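A closer look at the structure
Chain by chain, the residues run as shown.
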Amino acid sequence: PAEIFRKDYKPFAWRMPNTFLDFQLGLDETLVTATLEVERNPVAEVSRTIRLNGDGLELVSLHCDGADCEGHTMDGDDLVISLSGDSHTLTIVTRLAPSANSQLMGLYASNGMLCTQCEAEGFRRITFFPDRPDVLSTYTVRMSGPKALFPILLSNGNRTDSGEEGENHWAEWHDPWPKPSYLFALVAGDLVARVDSFTTMSGRKVDLAVWVRDEDLPRTEHAMESLKRAMTWDEETFGREYDLDCFNIVAVSDFNMGAMENKGLNVFNTKYVLADPETATDGDYDGIEGVIGHEYFHNWSGNRITCRDWFQLSLKEGFTVLRDQLFSQDMGSAPVKRIEDVRVLRSVQFPEDSGPLAHPIRPDSFREISNFYTATVYNKGAEVIRMMRTMAGPERFRKGTDLYFERHDGEAATCEDFVSAIEDGAGLDLKQFRLWYSQAGTPRIKLDSERSGDKLELTFRQEVPPTPGQDTKQPMVIPLKTALFDRGGGEPAKESLVVLDSAETKVTIEDAPENAVLSLNRGFSAPVRIERDIAREDLAFLAMHDDDPFARYEAMQDLVVGHLVEAAGGTQGDNSRTEAEDAIVQALGAILTDDRLDDLMRGELMLLPSVTYLMEQLLIADPALIHAEREALKAKLGASLGDSFKALHERAAAVPFAMDAAAKGARKVKSLALAYCAAADPVRASQMADEQYDRADNMTDRQGALMALCGIDSPERTARLLDFYERYKGNPLVIDKWFAIQASSLHPQVVEHVKALADHPDFTLKNPNRVRSLYMAFAGNPHGFHAASGEGYRMIADLILALDPLNAQTAARFVPSLGRWRRIEPKRAGMMQAELQRIADAPKLSRDTYEQVTRSLG
Ligand code: HT7
Ligand code: ZN
């Protein structure tokens, strides 16, 4: 498959002012008649032909200005038509088979309903069209079909007409806002809605609806409330008002990603809509609020202003992720949300940035765009914009975003347009800062400090490591929030912003107290790695006293990372191990009983760094050793602080169920305390977990208990797994949890368990949520995936090969777990590489999997 380059961008030769789509709907067969008005684009190169993209389409008929169209050819899957004049009307009929569409792109059937997914290139699976984001058109959609099968007919914009024709009925929808084809959506099915309304800041009433299957209606309240909160927040925080008379959300159970921001008709994975306390965890509730916000915010950052080409994906995704992160920060605990976001960045994006699939947030080339919906484009993209906000301050940043929305409303824009608007609106010079868009790799900062008299001289050296296709890098602009603490108890620390912009930056601090401790990259103000020699006592001091919650979390993490990396690297003597463990026991002990902390934050400080994050700290890692050391530390902490953990568990268990921060925090620390107890004393912890399971009046507690039990080889484990299955067997989202809990367990036989679960009657490769619940959980389980026998690698490679013909996008998303082979000890690395090669040698691979596997083999 051909590689496409950003530098080759050319505007499309034709404009498509109006698009009329007529759907005669059926699950097995749908007929689509597209009537396309086309006219020459005066600002593009003249062309005598128009290329309409297609993907596996059956062309039934084609007319140009009402007559048979002689001058057309197929070029691969695309339809190329000769056009002699400046404007024409093309009428194209295609036949689709939604039930046979297992890729879940284009029009497909899910659970008896029809729905669409068009981003990035799914519209070309519906009709022939210039399926690129810079071709904007006004859509009018008519759909008809059996009323019994599809009582509800939805599309973008506002419903303008409807009627009945015998057993069939029809509806017409018109979207007044010109949009690219990737934002088109249609849904037809037997659905019911939770309805509500929202009055916008200019006083317009908007009808809101969340559409689900009848039995799911009681679990839609949180989604609706989240939507209204998001609408209010976007008005107050970014001055953005909604612009149609209605806003519809539909939940579907077969979906490749989390959700999709189609104009006025968002389509969601059921996972991000349905919740009640009995079936959804606190994490699920937060996820729903975040994703509902994210898709809603796209109405401005993505829909009103879209992307010129897919290389600009981070323009809408990075900005919208930042917007959803700020929204969630404002709706709950801001520090905890920040810590969670950094944890995701460092456990998913940092490994991506240091591996064979590293790419800048604005990539230069791709073969398959679906492979670029990555943590780099989304999460690092958000961090890059967050840095601009940090440098400008929130008020000036808002001036920049106001200018961006005003300048580019109605356009298909570029990342460069965004940066220029922030530069002009916020009054920043971002010339050098733009490197964040073009250079991949996580910058590494080395800090040396030297004292002379009262002065503390800091030397920051930055280095951006080489990444595929980018051997040498230029210094980046890196804003670091810092504060100096006096361990002697002097003046409270004041925060300042140090902006690094060269390979070496020196900063002198006058009158630095003798026992000064530097707190660095507070709030994680820049997405970088920091290397510095810092005494264990200083880290322990920051872990207990830093007034920046993120920095406090970070100090605790560093304390643990320092110990585990040394222990797993075999460079630690016995004395030093004891000293390190003692320091961690002491710091964690203080955290468990610090009554200035709320429980949500206490939970963050109790978390040990993940194995993936620990592996990232080593050039070559042995996952088994790291895992073993991490478990040993957990057991040591569980034993040394056993009484405190039990007391915490008891205190938290006495807090009645509520959805406020205090009760959520109590549930969080309860299951964490249980996990530490389980590591130290599995027999006693089995009883505690059993009790927690029985007493649970919500899914957070029940899942926490089952997770603890699942790692212990005990009779309670089997009984509770059976109970959980029987209790929830009619609810696919909860059965997904049942699969995931077992696949991520630390049980010695986890590999056998996953093999058996793949043969369970409820397992299917056709549902992405189910596939992810079993295999993504397993691929993230260091103990199972990195099994010394290589079975874990074989299972994931077998999965990729089996899934690729059915759902290429989902299959390709499993490749990166094998692609880390260069950073793993040689024996395992060889087995991982061999599995990648086995996939590469398969006779017929999708473009998605082919690209990921060849890049990973490098
Ligand atoms: N913008 C949406 C991306 C998306 C998607 C991409 C490829 C294949 C399927 C997909 N479903 C949704 C989601 C978002 O970022 O809001
Ligand atoms: Zn998005």
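Residues numbered from 1 in each chain as written. Chains lettered and ligands numbered in written order. Predicted model: local features only at pLDDT ≥ 70, side-chain atom pairs only at ≥ 80, totals over all residues.

The next point concerns the overall build of the chain. The helix and strand tally for the chain stands at 28 helices and 32 strands. Seen through its C-alpha atoms, the chain measures out along the principal axes to roughly 90 × 60 × 60 Å. Across the 858 residues in the chain, those meeting the buried criterion constitute 50%. Counted over contacts in the chain with a minimum sequence separation of 6, partners at least 24 positions apart contribute 69%. (Helix = DSSP H or I, 4+ residues; strand = E, 2+ residues; numbered from the N terminus. Buried ≥ 20, exposed ≤ 12 C-beta atoms within 10 Å, placed from the backbone. Contact = placed C-beta atoms within 7 Å.)

Their axes nearest at 10 Å, the elements helix α24 (residues 791–803) and helix α27 (residues 826–840) cross at an angle of 15 degrees. Comparing their axes, α27 and α24 come out roughly parallel. For α24 against α27, the interelement crossing comes out right-handed. Only Met-831, Met-832, Glu-835, Arg-838 and Ile-839 of α27 make contact with α24, whose side of the interface consists of Tyr-793, Arg-794, Ala-797, Ile-800 and Leu-801. (Axes fitted to C-alpha atoms, helices over the stretch in contact; angles between N-to-C directions. Parallel < 35°, antiparallel > 145°, perpendicular 65-115°, else oblique. Left-handed = near helix turned anticlockwise from the far one by under 90°.)

Of note, Ile-735 is situated in helix α20 (residues 732–743). Here Ile-735 falls in the buried class, since 20 other C-beta atoms lie within 10 Å of it. For the pair Ile-735 and Ile-509, spaced 226 residues apart in sequence, the C-alpha separation works out to 57 Å. For Ile-735, the residues in contact, after removing those within four places along its chain, are Tyr-728, Lys-729 and Asp-762.

Residues Leu-114, Val-187, Ala-188, Val-250, Val-267, Val-273 and Phe-418 are the most contacted members of the largest nonpolar core, which totals 134 residues. When residues of this core are assigned to their parent elements, the largest contribution, nine residues, is made by helix α5 (residues 375–392). Contacts of Ala-188, omitting those with residues within four sequence positions, involve Leu-25, Met-113, Leu-114, Met-143, Gly-145, Phe-150, Ile-152 and Leu-153. Core analysis: the next-biggest nonpolar cluster, separate from the first, contains 106 residues, Ile-584, Leu-588, Val-611 and Ala-787 among them. (Core = buried A, V, L, I, M, F, W, Y, C linked by C-beta atoms within 7 Å.)

A few words now on the UniProt feature "domain: Peptidase M1 membrane alanine aminopeptidase" (unreviewed entry) in the chain. The feature "domain: Peptidase M1 membrane alanine aminopeptidase" (unreviewed entry), as given by UniProt, occupies residues 223–433 in the numbering adopted here. For residues 223–433, the helix share is 55%, the strand share is 9%, and the end-to-end C-alpha distance is 38 Å. (UniProt positions renumbered as here; feature names shortened; annotations may be inferred.)

Attention now goes to the site of ligand 1. Among the 15 residues in the neighbourhood of ligand 1, the closest are listed as Glu-119, Asn-256, Met-257, Met-260 and Tyr-373. Secondary-structure elements contributing two or more residues to the shell around ligand 1 are β21 (259–260) and α2 (282–297). When its residues are assigned to classes, the shell around ligand 1 shows five nonpolar, six polar and four charged. (Near = placed C-beta within 6 Å. Nonpolar A, V, L, I, M, F, W, Y, C, P; charged D, E, K, R; others polar.)

This part takes up the pairing of strand β28 (residues 478–486). Sheet analysis places β28 next to strand β29 (residues 495–500), joined by six bridges and oriented antiparallel. By the bridge assignment for β29, Ile-478 is matched with Leu-500. Strand direction decides the pairing type here: β28 and strand β31 (residues 516–520), joined by five bridges, are antiparallel. When the sheet's bridge partners are listed, Phe-485 is paired in β31 with Val-517. (Pairing = 2+ DSSP bridges.)

Along its 21 residues, helix α10 (residues 549–569) runs 30 Å from first to last C-alpha, staying within 8% of the 30 Å computed at 1.5 Å per residue. When you tally the buried positions in α10, you get 15 out of 21 residues, the bulk of the element. Positioned one or two residues after α10, Gly-570 has a phi angle of 70 degrees, which is positive. (Expected span 1.5 Å × (residues − 1).)

The next point concerns the sheet that holds strand β22 (residues 265–269). Reading across from one edge, β18-β19-β20-β22-β21 is the order of the five strands in this open sheet, with mixed pairing throughout. The open sheet has two free edges, formed respectively by β18 (192–199) and β21, since each of these has just one partner strand. Pairing analysis gives eight bridges linking β18 to strand β19 (residues 205–212), with the strands arranged antiparallel. Pairing of Ala-193 across the sheet is with Trp-211, part of β19.

Glancing now at the pairing of strand β4 (residues 30–40). Of the pairings in the sheet, the one linking strand β2 (residues 14–15) to β4 comprises two bridges and is antiparallel in character. Bridging across to β4, Arg-15 finds its partner in Glu-39. Strand direction decides the pairing type here: strand β3 (residues 18–24) and β4, joined by six bridges, are antiparallel. Note on β4: the bridge partner recorded for Phe-20 is Thr-35. Linking two consecutive strands that pair antiparallel, namely β3 and β4, is a turn of five residues. Pairing of β4 with strand β10 (residues 87–96) involves ten bridges; the strand directions are antiparallel. Across the sheet, residue Glu-37 finds its bridge partner in β10, namely Thr-89.

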